[in-house]
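Observations on chain architecture
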Amino acid sequence: MRAFFVFTKKELVEQLRTYKSLILLSVFFLFGMMSPLLAKLLPEILSGMELQGMKIEIPEPTVLDAYGQFFKNLTQMGLLATLLVFGGILSNEMSKGTLINILAKGLPRYTVLLSKFTAAVLLWSASYGLAAGVNYGYTEYLFENTAVHNLGFSLFCLWLFGCFIIAVILLSSTILSGNFGGLILSAGAIVVMLILNIFPGLEKYNPITLASKNVALLLGTATSADLTWNVVITCLLTLGSLLLSAILFHRKRI
Amino acid sequence: MSIIEIDQVNKSFGEVSVIKDLSLRVEEHAVYGFLGKNGAGKTTTMKMLLGFLKPDSGEIKICGEKVIYGNARTNRYIGYLPDVPEFYGYMTPKEYLGLCGEITGLKKEVLQRRTVEMLQLVGLEGNNRRIRGFSRGMKQRLGIAQALLNEPKLLICDEPTSALDPVGRKEILDILSIAKGKTTVVFSTHILSDVERICDSVGILDQGRLALQGKVADIKNSYRKDVIEVDLSSGYPIDRIMKLLKEKPYISEITSNDLRLHIQLSGQEKAASQVLRFLSEEEVPLLRYEIMEPSIENVFLEVVQ
């Protein structure tokens, strides 16, 4: 337990000093800030432009446009930023050899994984929380009628999906060696999940639905009950990935 | 007591057999030089000692405890210095030693004291720069500091001097000389002069087998060839003395090179002193008289051929 706290602390210091926290927090802050602002200003920007006499008429933006922007930004650029920031947390240490000294001191390998997962989830949660908070505040400020359905649950779904992706990165890093092992395989996993979602029957169980139904939840066209399976399965897959990566990491030649 | 016991260990990577039926013992308080050409299996053996690699067969014990692959509890006895140690570049040496000490559960006061002691030992005290900017020699020294932090019973160094300049090498050897009073040291190398400087016993690994092992003094003794070299001052008729010496029963062969005589003794008792006595009776003007010691280098080259 002590070793777990010590190594998690090291991970957090690493995030801070290698500017991982700064990058992720500021990127997410920007998304939180930009999304409602863009939704509000886009019609005005476009109407101000004279496109060879053509006038573009856009209906008055609503709070749903703001949240639509928010989730679109986070599930695309936000996810990419998360992948890039966390993609090397294990792969880099493995290929550089910085773990050798530490493991030679008798630190259990599963502790390394658990610490890395914990620290990454902490940073992800902080960044995501910041984005959601700023977005919420700004939306409240800019829009009048701000009532939406299932806001908390919708936000939770994307948060859970982020945690799942972090577990997938760790698993990928224990499967593939090399600097970008974790990154490539995780990106591959996301692509596979996207493809699987083409089949309507699978949508109910696919973790990626947690990152695609967010606006539908707000609209009320999807309910939390519709995503119960997705939540349960994502939780199980997260735990499973951690467990499997612990087993694989234990066998890994260093 | 044996600190390291390796019994009939085999290891291969795919088709390539790297370690073949290796058995060896390292006694407590020894400074054990682990010699071998590049690719002889030194690093593989060390990684097996640390539980980083799994032997295909055989058993390894550290301080009487079996080494278990992947979760080597025996590592608490070991300080390890990898051949090119890598650190977290964003930390200072003090912070890094703090991390190492906390992971192993050193008490706060002990850790603080040991950190200061270790940084002094390796000459990095007062260095508050981040490790990122360190030279190779500094990293190697910090590597020794982290390895010795817990006062381990066994210090394993993988080619600690191979990548360093002469000054860096001397520094590392000096630190190891200090460390050897408190701990057993095993280090692999192919720099033979380092071995002669600080090792008291050696094992020579050749193609995955232990070709030779023992105390340095014993090995030198058993490889002593009973050869004497004599330098004469110039102007002396060297042919005359060669002729006389050739007839002696205690000399089996004699060659000359300019004013230097190379005398192979026949192995009789006191042959060496008889040569000396004869030379002084004949009033041969000597510049130098030396009973040749075999160097570890000669032994090594002979063994790994």
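Our subject is the structure listed above.
Values in this document were obtained by computation on a predicted structure and should not be read as measured data. Within each chain, residue numbers correspond to sequence positions counted from 1 in written order. Chain letters start at A and ligand numbers start at 1, both assigned in the order the entries are written. Local features in a predicted model are, by the rule used here, given only for residues with pLDDT of at least 70; side-chain atom pairs are given and counted only at 80 or more, and totals for whole chains, interfaces and linings are based on all residues. Computation of side-chain values covers all heavy atoms of the structure but excludes hydrogens and water.

1. A closer look at the overall build of chain A
When helices and strands are tallied, chain A shows 10 helices and 0 strands. Relative to its full complement of 254 residues, chain A shows a buried share of 48%. By the criteria applied, helices consist of DSSP H or I runs no shorter than four residues and strands consist of E runs no shorter than two, each listed in order from the N terminus. Between buried and exposed lies partly exposed: a residue is buried under 20% and exposed over 50% of the maximum accessible area for its type, with that area taken using a 1.4 Å probe on protein chains only.

2. Structural notes on the sheet that holds strand S4 (residues 57-62) of chain B
Hydrogen bonds between backbone groups are what pair the strands of a sheet, and the pairing can be parallel or antiparallel. Residue and element names in this part refer to chain B. Only strands joined by at least two bridges in the DSSP assignment are considered to pair. Spatially, the 4 strands line up as an open sheet ordered S2-S1-S4-S5, and their pairing is antiparallel. Single-partner strands in this sheet number two, and they are strand S2 (16-27) and strand S5 (65-66). Sheet analysis places strand S1 (residues 2-13) next to S2, joined by 8 bridges and oriented antiparallel. Paired with glutamate 5 across the two strands is arginine 25, which belongs to S2.

3. A few points about the nonpolar core
Core analysis: the biggest nonpolar cluster contains 144 residues, and A:Phe86, A:Phe161, B:Ile4, B:Ile62 and B:Tyr88 have the highest contact counts within it. If one sorts the elements of this core by residue count, helix H7 (residues 151-175) of chain A sits on top with 14 residues. If you count residues domain by domain, this core takes at least three from each of domain 1 (2-220) and domain 2 (223-303) of chain B. The contact criterion used throughout is that any non-hydrogen atoms of two residues lie within 4.5 Å. Those residues in contact with B:Ile62 that lie beyond four places of it in its chain are B:Ile3, B:Ile4, B:Leu49, B:Val67, B:Thr74, B:Tyr77, B:Ile78 and B:Leu154. Listed in part, the 19 residues of the second largest apolar core include B:Leu245, B:Tyr250, B:Phe278 and B:Leu279. Among buried residues, those of type Ala, Val, Leu, Ile, Met, Phe, Trp, Tyr and Cys that are joined through side-chain atoms within 4.5 Å constitute a nonpolar core. Domain delimitation in this document rests on an assignment produced automatically or drawn from a domain database.

4. A few points about empty space enclosed by the protein
Points on a 1 Å grid, built from protein atoms alone, make a cavity when a 1.4 Å probe fits but cannot get out and make a pocket when they are open with protein on both sides within 12 Å along at least 5 of 7 lines; residues with an atom within 4 Å of a point are the lining residues. Grid points are joined across faces, edges and corners, and a volume is the space filled by probe spheres set on the points. Summed over the entire model, instances satisfying the criterion amount to 4 cavities of 30 Å³ or more. Estimates place the volume of the largest cavity at around 80 Å³. In terms of lining residues, the largest cavity is bounded by A:Leu103, A:Gly106, A:Leu107, A:Pro108, A:Arg109, B:Leu50, B:Gly51, B:Phe52, B:Gly70, B:Asn71, B:Ala72 and B:Asn75. Three classes are used, and their members are as follows: Ala, Val, Leu, Ile, Met, Phe, Trp, Tyr, Cys and Pro are nonpolar, Asp, Glu, Lys and Arg are charged, and the others, Gly among them, are polar. Among the residues making up the lining of the largest cavity, the classes are represented as 6 nonpolar, 5 polar and 1 charged. Looking at the second largest cavity, its volume works out to about 70 Å³. Taken together, the elements giving at least two residues each to the lining of the second largest cavity come down to strand S6 (78-81) and helix H4 (136-148) of chain B. The residue inventory of the lining of the second largest cavity, partitioned by class, reads 3 nonpolar, 5 polar and 2 charged.

5. Brief notes about the interface of chain B and chain A
At the interface, 29 residues of chain B touch 29 residues of chain A. Just to be clear on terms, a salt bridge is a Lys or Arg side-chain nitrogen sitting within 4 Å of an Asp or Glu carboxyl oxygen. Where chain B meets chain A, there are 2 salt bridges. In this structure, A:Lys9 engages B:Glu102 in a salt bridge whose closest nitrogen and oxygen atoms are separated by 3.6 Å. Throughout this description, a polar contact denotes any pair of N or O atoms lying within 3.5 Å of each other; where both atoms belong to protein, one of them has to be capable of donating a hydrogen while the other can accept it, and for residues adjacent in sequence the pair is counted only when both atoms sit in side chains. Counting every contact that joins chain B to chain A gives 11 residue pairs in polar contact (both at pLDDT 80 or more). When contributions to the side of chain B that touches chain A are tallied by element, the ones reaching two or more residues are S6, helix H2 (93-104) and H4 of chain B.

6. Some details on the side chain of A:Arg109
Residue and element names in this part refer to chain A. With respect to the secondary-structure elements, arginine 109 resides in helix H6 (residues 109-142). The side chain of arginine 109 sits in the buried core without any salt bridge; glutamate 93 is the nearest counter-charge, 12 Å away. Looking at arginine 109, its side chain comes within polar contact range of the main-chain oxygen of phenylalanine 249, at 2.9 Å. A distance of 3.3 Å separates a polar atom in the side chain of arginine 109 from the backbone oxygen of histidine 250. None of His or the chain ends enter the tally, which takes Lys and Arg as positive and Asp and Glu as negative.

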